[in-house]
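Coordinate analysis (summary)
So you can see what is in the structure, the chains are spelled out below.
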Amino acid sequence: MILIVHAVDDERSIRRRLGQPEYSYYFVLEEFLPVLEGLGTVVRVRDPETEVDRIHRRAGDRETCVFLSFSPPHRTPVDLECPTLPVFAWEFDDLPDETWDGEPRNDWRYTLERTGGAIVHSTHAARVVAEAMGSDWPVLPIPAPVWDRFAVSGDRPGGSPLRRMELTFVGSAMDSLDLDAQGDPSAAPAGYEARAVFDVDLETPPPPVRARETTLGLGGVVYTTIFNPRDGRKNWRDLLRGFCVALRDRADATLVLKIVGSGVTAIRVHVAGELGRLGPMRCRVVLLDAFLDDATYRSLAEGSTYAVNASHGEGQCLPLMEYMSLGKPAVAPAHSGMKDYVDETNAFVVSSSREPASWPHDPRDKVRTFRQRIDMESLIEAFRRSYDVATGDPEEYRRSSKTTRTAEGRRPEAGDLSRFLALMGRTVRAKSEFAAPPFRVAAVLSRRVSRRGTIRRARVRSTQALHACSSPAISPALAQATGDLERPAGPRRRDEQPGHGHRRPAHQHPHHQGAALLHEHRHRGDREPRHPGAAGDDRGPHRR
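Residues numbered from 1 in each chain as written. Predicted model: local features only at pLDDT ≥ 70, side-chain atom pairs only at ≥ 80, totals over all residues. Heavy atoms only, no water.

1. With respect to the overall build of the protein
For the record, the criterion: Helix numbering and strand numbering both begin at the N terminus, where a helix is a DSSP run of H or I of at least 4 residues and a strand a DSSP run of E of at least 2. Exposure is judged per residue with a 1.4 Å probe applied to protein chains only, and the accessible area is read against the type maximum: over 50% gives exposed, under 20% gives buried, and values in between give partly exposed. In this description, contact between two residues means that some pair of their heavy atoms is separated by no more than 4.5 Å. Each accessible area is a Shrake-Rupley estimate made with a 1.4 Å probe; only the visible protein chains count as cover when residues are assessed.
A tally of regular secondary structure across the protein gives 17 helices and 15 strands. By the burial criterion, 58% of the 544 residues in the protein qualify as buried. Counting only contacts in the protein whose residues sit at least 6 apart along the sequence, the fraction spanning at least 24 positions is 75%. About 22,300 Å² of surface is accessible on the protein, with carbon and sulfur atoms providing 48% of the total.

Have a look at this one:
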């Protein structure tokens, strides 16, 4: 099998684009590469429009060829000959189903109808896709395989919750211990006027902070979060406020805010302003704006007591998965992509509730979906309970740590991905025998059913292989899709008939008939969305 892969960024552009829209898809692809290389020949391309079909034609009928586009659907090519599968993360409650700016792919159903399948990173995303595309539409939820890499390289789980560590890095750190006794933030960061702390001009960036080699000592109960300050979904203000309110009198409690991205020094002013409002306090807050190599990043993870998260939604959250694979329990909500691996056995779960929101790439800022609002009282209580366990019940901490590290057993295995890719590659190739795009895998196989009454034995074996991987982590939509293909042909149930609650495919909606014409002449230049994408969520091997 030939697996062609592409992400918006590559090794040449990622450093200057850290924190920009869709940057984290590069890191998700990097995590998947070892698995994909075990399944077939991996070919990485920079320009899918010109390279993918050339490779596909060269392969001909000798070998199955599949293009994996590590990008959200609105940036996935839809007019290639090669079977194409978008690989994406999604944390909101609704799939984008409207067009704007003359780009039909902004309606994700338009793209998905034309690809015939997708790979997502959580069961939450799989359910949202199934609700938009129908229960018979093939979608495989498989998270980035960070568990294997970090669990193998990490220290022994169940160690002491209280450790001391020293980190040496090139960058800068703002430490609340440098503030005066009244919490006056005028002393940090150096060079800022005190008034700027309380009256921040978002349009005028603060003076740059010189990066230099720094040594930082940390100890006690250390809570660590990694986030992109440009991404409002990360909700760092609630996290900071919850920590300071809950543990303000605990001198051995530290919150490390590790920020990701370039040109984000303005957050130092915002954090200093928050500390000024929250102080005085004895707990410690460290804002870390630095390049961390792999060894230093791992030292921070292994020296931390807890991983923390208070976001409004996560596609999967690579940093949280990495820390938990090392046996670090979490203080986090169990919603969106985190619901697959965060529960009461390995985390102090923070309550949340739905609130109206916009799709992150919609420049109109229309309220069309829902995200999660963090319950502040629950967050404060989670910080207090976690601190009490770390300082007063080390055995309970060790039990939680061991449970946390074995949570990766809930994920799908590489075999699930292999069988899905093989089935999709063979099936999508068969679409030329039937109708022109838009095309659905289930529709193609259903035609074979209608002509012969049952699927040929070889095809049944393919669907049975997918049934074999229908663990709780596998989407009900996928199990339903393959299950439906094995049924003999017959009349649809009443609830499947048009007009009885059955959602029409995207291309049949009236506004899509015009959108299809626009698609033929659409502008090829991709416009940057206002907000970053969230495939992997704020990490990378260089952790800027």
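2. Focus on unusual backbone geometry
Cis geometry marks the peptide bond from Gly 279 to Pro 280, where omega comes out at 0 degrees. Positionally, Pro 280 belongs in the loop between α8 (267-278) and β10 (284-291). One non-glycine residue, Asp 365, lies in the positive phi region at around 60 degrees. Here Asp 365 shows up in the loop between β14 (352-358) and β15 (367-374). The exposure class assigned to Asp 365 is partly exposed, which follows from its relative accessible area of 45%.

3. Some details on the packing of helix α7 (residues 236-247) against helix α11 (residues 376-392)
To be explicit about the condition: Every angle, taken between N-to-C directions, lies between 0 and 180 degrees, and every axis is a line fitted to C-alpha atoms, over only the stretch in contact when it is a helix. Here the angle decides the label: under 35 degrees means roughly parallel, over 145 means roughly antiparallel, 65 to 115 means roughly perpendicular, and every other value means oblique. Rotating anticlockwise by less than a right angle from the far helix to the near helix defines a left-handed crossing, while the corresponding clockwise rotation defines a right-handed one. As a working rule, the residues Ala, Val, Leu, Ile, Met, Phe, Trp, Tyr, Cys and Pro are called nonpolar, Asp, Glu, Lys and Arg charged, and the rest polar, with Gly in that last group.
Put simply, α7 and α11 touch, their axes get as near as 9 Å, and they point 55 degrees apart. Considered as vectors, α7 and α11 are oriented oblique to each other. Between α7 and α11 the crossing geometry is right-handed. Between α7 and α11, the residues in contact are Asp 238, Leu 239, Gly 242, Phe 243, Val 245, Ala 246 and Leu 247 and Met 376, Leu 379, Ile 380, Phe 383, Arg 384 and Tyr 387, respectively. Residue composition of the contact of α7 with α11, grouped by class: ten nonpolar, one polar and two charged.

4. Quick word on the packing of aromatic side chains
Inclusion rule: Between rings of Phe, Tyr and Trp, where Trp is taken as its six-membered ring, a pair exists when centres lie within 6.5 Å; planes separated by under 30 degrees are stacked, by over 60 edge-to-face, and by other angles tilted. Whether a charge lies above a ring is judged from NZ of Lys or CZ of Arg, which has to be within 6 Å of the ring centre and within 35 degrees of the ring normal.
Taken as a whole, this structure holds 15 aromatic pairs when the rule is applied. Aromatic side chains Trp 90 and Phe 92 sit 5.2 Å apart centroid to centroid with 55 degrees between the ring planes, which places their arrangement in the tilted category. Of the two residues examined, Trp 90 and Phe 92, each falls in the buried class. What links up through ring pairs into an aromatic cluster is the set Tyr 223, Phe 243, Tyr 306, Phe 348, Phe 383 and Tyr 397. Between the NZ or CZ atom of Arg 114 and the centre of the ring of Tyr 110, over which it lies, the distance is 3.7 Å. The cationic tip of Arg 354 hangs over the ring face of Phe 370; the distance from NZ or CZ to the ring centre is 3.9 Å.

5. Some words on the nonpolar core
How we decide: Definition used in this section: a nonpolar core is a set of buried Ala, Val, Leu, Ile, Met, Phe, Trp, Tyr and Cys residues joined via side-chain atoms within 4.5 Å.
Counting 79 residues, the largest nonpolar core has Leu 68, Phe 70 and Leu 320 as its most contacted members. Of all the elements, helix α1 (residues 24-37) adds the most residues to this core, at eight residues. What Phe 70 contacts, discounting residues up to four positions off in sequence, is Val 5, His 6, Ala 7, Val 8, Tyr 25, Val 28, Leu 29, Phe 32, Leu 36 and Val 87. Listed in part, the 38 residues of the second largest apolar core include Trp 236, Ile 374, Leu 379 and Val 389.

6. Comments concerning the sheet that holds strand β2 (residues 41-44)
Hydrogen bonds between backbone atoms are what pair the strands of a sheet, whose relative direction is either parallel or antiparallel. Worth spelling out the cut-off: Strand pairing follows a simple DSSP-based rule, namely that at least 2 bridges must link the two strands.
One open sheet holds the six strands; their spatial order is β2-β1-β3-β4-β5-β6, and the pairing between them is parallel. If you trace the sheet from one side to the other, it starts and ends with β2 and β6 (139-141), each paired once. The average undirected angle you get between the axes of adjacent strands in this sheet is 25 degrees. Judged from the four bridges that link them, strand β1 (residues 2-7) and β2 form a sheet pairing that is parallel. Among the inter-strand pairings, Ile 4 is bridged to a residue of β2, identified as Val 43. Here helix α2 (residues 48-59) sits on the sheet and contacts β1, β2 and β3 (65-70); the angle it forms with β1, its principal contact strand, is near 175 degrees.

7. Remarks on the confidence of the model for the protein
Note the cut-off: Per-residue confidence from the predictor is reported as pLDDT, a score between 0 and 100.
When pLDDT is averaged along the protein, the result is 76, and 67% of the positions lie at 70 or above. Residue range residues 180-203 is modelled with pLDDT below 50. Its contacts to residues more than four positions away, or to other chains, number 36 contacts.

8. Observations concerning α11
This is how it is decided: Helix span, expected: 1.5 Å multiplied by one less than the number of residues in the helix. Think of a polar contact as two N or O atoms within 3.5 Å of one another; within protein, one of them needs to be a possible hydrogen donor and the other a possible acceptor, and neighboring residues in sequence only count if both atoms come from side chains.
Compared with an ideal rise of 1.5 Å per residue, which puts 17 residues at 24 Å, α11 spans 24 Å between its outermost C-alpha atoms and is within 8% of the ideal. Listing the buried residues of α11 in full gives Ser 378, Leu 379, Ile 380, Ala 382, Phe 383, Ser 386, Tyr 387, Val 389 and Ala 390. With a side-chain oxygen positioned 3.0 Å from the backbone nitrogen of Glu 377, the residue opening α11 is Asp 375.

9. Quick word on the pairing of β10
For β10, a buried count of seven out of eight residues is recorded, marking the element as mostly surrounded by other parts of the structure. Pairing analysis gives six bridges linking strand β7 (residues 163-175) to β10, with the strands arranged antiparallel. Paired with Asp 175 across the strands is Val 286, a residue of β10. Relative to β10, strand β9 (residues 253-259) runs parallel, the two sharing five bridges. Residue pairing across strands places Lys 258 opposite Leu 288, the latter belonging to β10.

10. A short note on the pattern of salt bridges
For clarity, the cut-off: Salt bridge, as used here: a side-chain nitrogen of Lys or Arg that lies within 4 Å of a carboxyl oxygen of Asp or Glu.
What the rule picks out here adds up to 21 salt bridges. Among the salt bridges present, the one from Glu 98 reaches Arg 364, with a minimum N-O distance of 2.9 Å. Of this pair, Glu 98 sits in the loop between β4 (84-88) and α3 (108-115) while Arg 364 sits in the loop between β14 and β15, and the two are 266 residues apart along the sequence. The partly exposed category is assigned to Glu 98, whose relative accessible area is 21%. For Asp 362, the salt bridge is made with Arg 364, and the minimal N-O distance between the two is 2.9 Å.

11. Considering the packing of helix α9 (residues 294-303) against helix α10 (residues 318-325)
For the pair α9 and α10, interaxial distance at closest approach is 9 Å and the crossing angle is 65 degrees. In this view, α9 runs roughly perpendicular relative to α10, as classed from their interaxial angle. Where α9 crosses over α10, the handedness of that crossing is right-handed. Residues Tyr 297, Leu 300 and Ala 301 of α9 touch α10, and the partners they reach there are Pro 319, Glu 322 and Tyr 323.

12. Details of the side chain of Ser 311
Position of Ser 311 relative to the elements: it lies in the loop between β11 (306-308) and α10. Leaving out residues up to four positions away in the same chain, Ser 311 has contacts with Arg 233, Lys 234, Asn 235, Pro 333, His 335, Met 338 and Ile 374.

13. Considerations on the environment of Gly 327
The topology assignment puts Gly 327 in the loop between α10 and β12 (330-333). The spatial distance from the C-alpha of Gly 327 to the C-alpha of Thr 404 is 5.2 Å, given a sequence separation of 77 residues. Excluding residues that lie within four positions of it along the chain, Gly 327 makes contacts with Ser 401, Thr 404 and Arg 405.

14. Let's talk about the state of the cysteines
In a disulfide, the sulfur atoms of two cysteines are covalently bonded to one another. Applicable threshold: Note on terminology: disulfide denotes any pair of cysteine sulfur atoms within 2.5 Å.
By the definition in use, this model includes zero disulfides. The closest cysteine sulfur to the non-disulfide-bonded Cys 283 is located on Cys 244, 4.5 Å from its own sulfur.

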